[in-house]
Amino acid sequence: MKKFQNYIDGKWCDSSSQQTFENRNPANKNELLGTFPKSTKEDVEKAVQSAKKSFESWRLTPAPKRGDILRKVGDILTQRKEELAKIMTKEMGKVLLETRGDVQEGIDTAYYAATEGRRLFGHTVPSELNNKFNMSIRTPIGVCGLITPWNFPLAIPTWKMFPALLCGNTVVFKPAMQTPETATRFVEILIEAGIPNGVVNLIHGAGSEIGNAIVEHNDVEVISFTGSTEVGKKISKSAADTLKRVSLELGGKNAQIVMDDADLDLALDGVLWGAFGTTGQRCTATSRLILHEKIHDKFLEMLLTRVKKLRLGDGLLSTTDVGPCVSESQRNTVHQYVEIGKKEGANLLIGGEFATEGELDNGWFYKPTIFTNVTPNMRIAKEEIFGPVLSVIKTSNVFEAIQILNNTIYGLSSSIYTKNINDAFAAMRDIKAGIVYINAPTIGAEAHMPFGGVKQTGNGHREGGWTVFDFYSEWKTIYVDYSGNFQRAQIDS
Ligand code: UN1
């Protein structure tokens with residue numbers, strides 16, 4: 001059995017408590033994958049001080065050189081893609097096809113960030129005074145605390161880490177307790193690529209203990225968190241005490257609309273991938289299906305036929321379509337929502353129970369589930385479930401469909417299938433979400449586009465794309481007066 005460690009100030013080390021936690025395969029709870037340090041506030045202190053110290057040299061490393069290291073990280077991720085995908089599938093259960101995609105998202109993010117090292121543009125702007133030069137440049141901020149979830153164990157840490165590092169910041173990285181090995185391998189790769197000691201520090205453990213300690217720490221300037229809205233709100237409140245810069249990527253309740261003129265086969269592939277990919281455990285997962293009344297019955301029939309064919313199993317097997325829930329408690333949450341849906345009067349079309357046949361009994365499997373006759377105000381139509389549960393709502397026109405889609409506290413991803421250009425443009429304009437797909441599922445964001453949501457999905461920041469470099473850098477405005485005269489803005493101009 002493998003015993004893993006923290007990585008602080010360029011050294012692998014145990015927790016100061018000497019305590020550990022176990023990591024098990026959700027497809028087979030009897031398979032122990034390793035033990036990991038259960039870190040303490042003391043470990044956080046060491047990690048933050050290490051990051052603070054190394055910031056002084058890393059911030060002076062030219063950005064193109066920082067980018068070169070990230071390019072090398074991308075190269076190593078490419079070489080080790082298959083191995084990393086397998087580790088991830090064992091840790092959190094999604095099928096290999098998807099964990100390969102997770103690594104690919106990390107590779108794309110690495111190469112994108114690497115090239116940004118040769119851009120990181122600032123501005124030069126005319127001054128209102130003679131012989132005076134104005135510019136704004138990006139500067140590094142300091143220590144960034146990165147707190148990441150288990151559903152994209154590699155991609156999401158790369159979304160945060162690469163732009164943070166490229167901009168000249170140093171990092172304290174706290175990965176989810178369900179996917180600590182992927183995080184460890186990722187840090188090993190950063191070391192192999194030449195990241196200097198202390199620039200990236202890894203600490204394993206519980207959010208309630210070390211996550212909070214990172215958020216509250218005076219020397220941590222930036223927090224980036226992906227996880228639940230509930231925890232995000234707590235982070236936001238406690239980070240306010242030190243006025244930290246905080247990026248929050250939280251819940252979703254994404255919907256796919258299918259209009260009566262849509263290509264139904266295309267929409268069918270889309271909803272299957274969006275709702276049951278990653279066992280529904282994406283913040284971008286399709287959790288609601290809004291069907292035009294004219295195609296409602298036909299589409300449901302098509303959907304039911306396909307859902308019956310979905311094969312549950314170990315994500316490492318090529319015969320598996322849908323893996324397990326990540327943990328026992330996640331599966332229980334899913335089941336509680338199914339009970340709520342039944343009580344609310346929705347019709348359980350398929351699923352709604354644990355899958356326990358044969359080997360499945362060793363894992364946290366849940367049958368792909370569809371509720372029909374769902375009305376927009378039911379809890380299963382409004383609250384995030386994070387599992388393989390789809391709520392189907394009927395609609396009679398595009399404006400009502402959009403209204404239903406918008407009827408949640410979240411606003412991450414959304415989708416509409418239609419051939420009508422007017423309806424498509426109305427959707428692009430009126431949907432309240434950070435991401436809108438036309439004739440494509442709610443999942444599948446690309447690394448070089450801004451990613452994030454509105455309302456209680458986040459706090460206005462975006463990951464990915466060009467905008468993320470704004471989050472990880474501070475603007476510094478510089479005026480150079482070369483007139484040799486005493487010149488006063490607003491007064492002498
Ligand atoms: C998430 O679910 O937290 O668009 C991220 C997607 C992926 C990222 C999902 N590229 O579904």
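Residues numbered from 1 in each chain as written. Predicted model: local features only at pLDDT ≥ 70, side-chain atom pairs only at ≥ 80, totals over all residues. Heavy atoms only, no water.

Colleague: How would you explain helix α14 (residues 421-430) if you had to name every residue and give the values?
Modeller: Residue pairs three or four apart in sequence face the same way in an α-helix, which turns once every 3.6 residues. Those residues of α14 that fall on the buried side of the exposure criterion are Asp423, Ala424, Ala426 and Ala427. Down the axis of α14, the buried set is contained in an arc of 165°. They therefore lie on one face. Among the exposed residues of α14, those pointing more than 90 degrees away from its buried face are Ile421, Asn422, Phe425 and Arg429. The inward-facing, buried residues of α14 abut α13 (398-405), β17 (413-417) and β18 (435-438). Between the side-chain oxygen at the start of α14 and the backbone nitrogen of asparagine 422 there is a gap of 2.8 Å, and the oxygen is on asparagine 420. (Buried < 20%, exposed > 50% of the residue type's maximum accessible area, 1.4 Å probe, protein only. Helix = DSSP H or I, 4+ residues; strand = E, 2+ residues; numbered from the N terminus. Arc of directions from axis to C-beta. Contact = heavy atoms within 4.5 Å. Polar contact = N/O pair within 3.5 Å; in protein donor to acceptor, adjacent residues only side chain to side chain.)

Colleague: Just give me the short version of the site of the ligand, but keep the residues and values in it.
Modeller: What surrounds the ligand is the set Glu105, Asn151, Phe152, Ile156, Trp159, Arg282, Cys283, Thr284, Ile443, Gly444, Ala445 and Phe451. Side-chain polar atom of asparagine 151 to an oxygen atom of the ligand: 3.4 Å apart, as the coordinates give it. Contact between the ligand and glycine 444: an oxygen atom at 3.0 Å from a main-chain N or O atom of the residue. When the ligand sits alone it has 320 Å² of accessible area, and the protein chains cover 99% of it. Within the shell around the ligand, the residues separate by chemical class into 7 nonpolar, 3 polar and 2 charged. Counting only domains with at least three residues in the shell around the ligand, you end up with domain 1 (6-250 + 458-477) and domain 2 (254-438). (Near = heavy atom within 4 Å. Areas by Shrake-Rupley, 256 points an atom, 1.4 Å probe, with all protein chains shown as cover. Nonpolar A, V, L, I, M, F, W, Y, C, P; charged D, E, K, R; others polar. Domains from an automatic or database assignment.)

Colleague: Go over the packing of aromatic side chains, please, and point to the residues and values.
Modeller: Under the criterion given, the structure shown has 10 aromatic pairs. With a centroid separation of 6.4 Å and 35° between ring planes, the pair formed by tyrosine 112 and phenylalanine 469 is classed as tilted. Of the two residues, tyrosine 112 sits in helix α4 (residues 96-116) while phenylalanine 469 sits in helix α15 (residues 468-471), which places them 357 residues apart along the sequence. The partly exposed category is assigned to tyrosine 112, whose relative accessible area is 22%. An angle of 70° between the planes, with centres 6.0 Å apart, marks the rings of phenylalanine 354 and tyrosine 366 as edge-to-face. Here phenylalanine 354 is found in the loop between β14 (347-350) and β15 (369-372), whereas its partner tyrosine 366 is found in the loop between β14 and β15, with 12 residues between them in sequence. Look at tyrosine 366 and you get buried, because its relative accessible area is 0%. (Phe/Tyr/Trp six-rings, centres within 6.5 Å; stacked < 30°, edge-to-face > 60°.)

Colleague: So what's going on with the nonpolar core? Which residues, and what values?
Modeller: Judged by nonpolar contacts, the single largest core of 45 residues is most densely connected at Met161, Phe162, Leu165, Leu190, Val200 and Tyr472. Leave out the neighbours within four places in its chain, and leucine 190 touches Val73, Met161, Phe162, Leu165, Ile195 and Val200. Grouped together as the second largest cluster of nonpolar side chains are 29 residues, Ala255, Ile340, Trp364 and Ile380 included. (Core = buried A, V, L, I, M, F, W, Y, C linked by side-chain atoms within 4.5 Å.)

Colleague: I'd like to hear about helix α2 (residues 63-79), residue by residue, with values.
Modeller: Along its 17 residues, α2 runs 25 Å from first to last C-alpha, staying within 8% of the 24 Å computed at 1.5 Å per residue. Looking only at α2, the buried set comprises Ala63, Arg66, Gly67, Ile69, Leu70, Val73, Gly74, Ile76 and Leu77. Contacts made by the buried residues of α2 are with α1 (41-58), α3 (81-92), α4, α5 (155-166) and α6 (180-192). (Expected span 1.5 Å × (residues − 1).)

Colleague: Lay out the pairing of strand β3 (residues 20-25) in plain terms, naming residues and giving numbers.
Modeller: Each regular strand carries side chains that alternate between the two faces of the sheet. Of the two faces of β3, the one lined by Phe21, Asn23 and Asn25 is fully buried and the one lined by Thr20, Glu22 and Arg24 carries no buried residue. The pairing of β3 with strand β4 (residues 28-37) spans 6 bridges and is classified as antiparallel. Counterpart to phenylalanine 21 in the pairing with β4 is phenylalanine 36. Linking β3 back to β4 in an antiparallel pair, the connection comprises 2 residues. (Pairing = 2+ DSSP bridges.)

Colleague: Please give an account of the sheet that holds strand β5 (residues 123-126) that cites residues and values.
Modeller: Read across the open sheet, the 3 strands follow the order β5-β6-β19; overall the sheet is antiparallel. Every interior strand has two partners, whereas the edge strands, β5 and β19 (474-481), have only one. Strand-to-strand, the axes of this sheet are offset by a mean angle of 20°, without reference to chain direction. In terms of strand pairing, β5 meets strand β6 (residues 132-139) through 4 bridges, oriented antiparallel. (Axes fitted to C-alpha atoms, helices over the stretch in contact; angles between N-to-C directions.)

Colleague: Quick rundown of the domain arrangement of the protein chain? Include the residues and the values.
Modeller: As far as domains go, the protein chain holds domain 1 (6-250 + 458-477) and domain 2 (254-438). Between the C-alpha centres of domain 1 and domain 2 the distance comes to 31 Å. If you look at the interface, domain 1 gives 23 residues, while domain 2 gives 26 residues. A buried area of about 2,000 Å², summed over both sides, lies between domain 1 and domain 2, and 63% of it is on carbon and sulfur atoms. Put simply, domain 1 and domain 2 have 1 salt bridge between them. Between the two partners, domain 1 and domain 2, sit 7 residue pairs in polar contact (both at pLDDT 80 or more). (Buried area = accessible area lost by both parts, 1.4 Å probe. Salt bridge = Lys/Arg side-chain N within 4 Å of Asp/Glu carboxyl O.)

Colleague: I'd like a description of the packing of α3 against α6, backed by residues and values.
Modeller: Where α3 meets α6, the closest approach of the two axes is 8 Å, and the angle between their N-to-C directions is 155°. The angle between α3 and α6 falls in the class roughly antiparallel. Taking contact as the criterion, the partners of Leu84, Ile87, Met88 and Glu91 in α3 are, on α6, Pro180, Glu181, Thr182, Arg185 and Ile189. Of the residues belonging to the contact of α3 with α6, the class tally is 5 nonpolar, 1 polar and 3 charged. (Parallel < 35°, antiparallel > 145°, perpendicular 65-115°, else oblique.)

Colleague: Just give me the short version of a nonpolar patch on the surface, but keep the residues and values in it.
Modeller: A grouping of Ile421, Phe425, Met428 and Ile438 is seen on the molecular surface, where their side chains present a nonpolar patch of about 380 Å² in accessible area. Of all the elements, α14 adds the most residues to the nonpolar patch, at 3 residues. By secondary structure assignment, the location of phenylalanine 425 is in helix α14. (Patch = residues over 30% accessible without salt bridge, like charges linked within 9 Å, V, L, I, M, F, W, Y side chains within 5 Å.)

Colleague: With reference to specific residues and values, describe the pattern of salt bridges.
Modeller: A complete count under the given rule lists 29 salt bridges for this structure. The shortest N-O distance in the salt bridge between aspartate 9 and lysine 53 comes to 3.2 Å. With aspartate 9 in the loop between β1 (6-8) and β2 (11-13) and lysine 53 in helix α1, the pair connects residues that are 44 residues apart, well separated along the chain. Of the residues examined, lysine 53 reaches a relative accessible area of 53% and is grouped as exposed. In this structure, aspartate 492 and arginine 488 form a salt bridge, with 3.3 Å as the shortest nitrogen-oxygen distance. Under the relative-accessibility criterion, arginine 488 is labelled partly exposed at 39%. Residues joined in a network through salt bridges with shared partners are Lys2, Glu181, Arg185 and Glu188.

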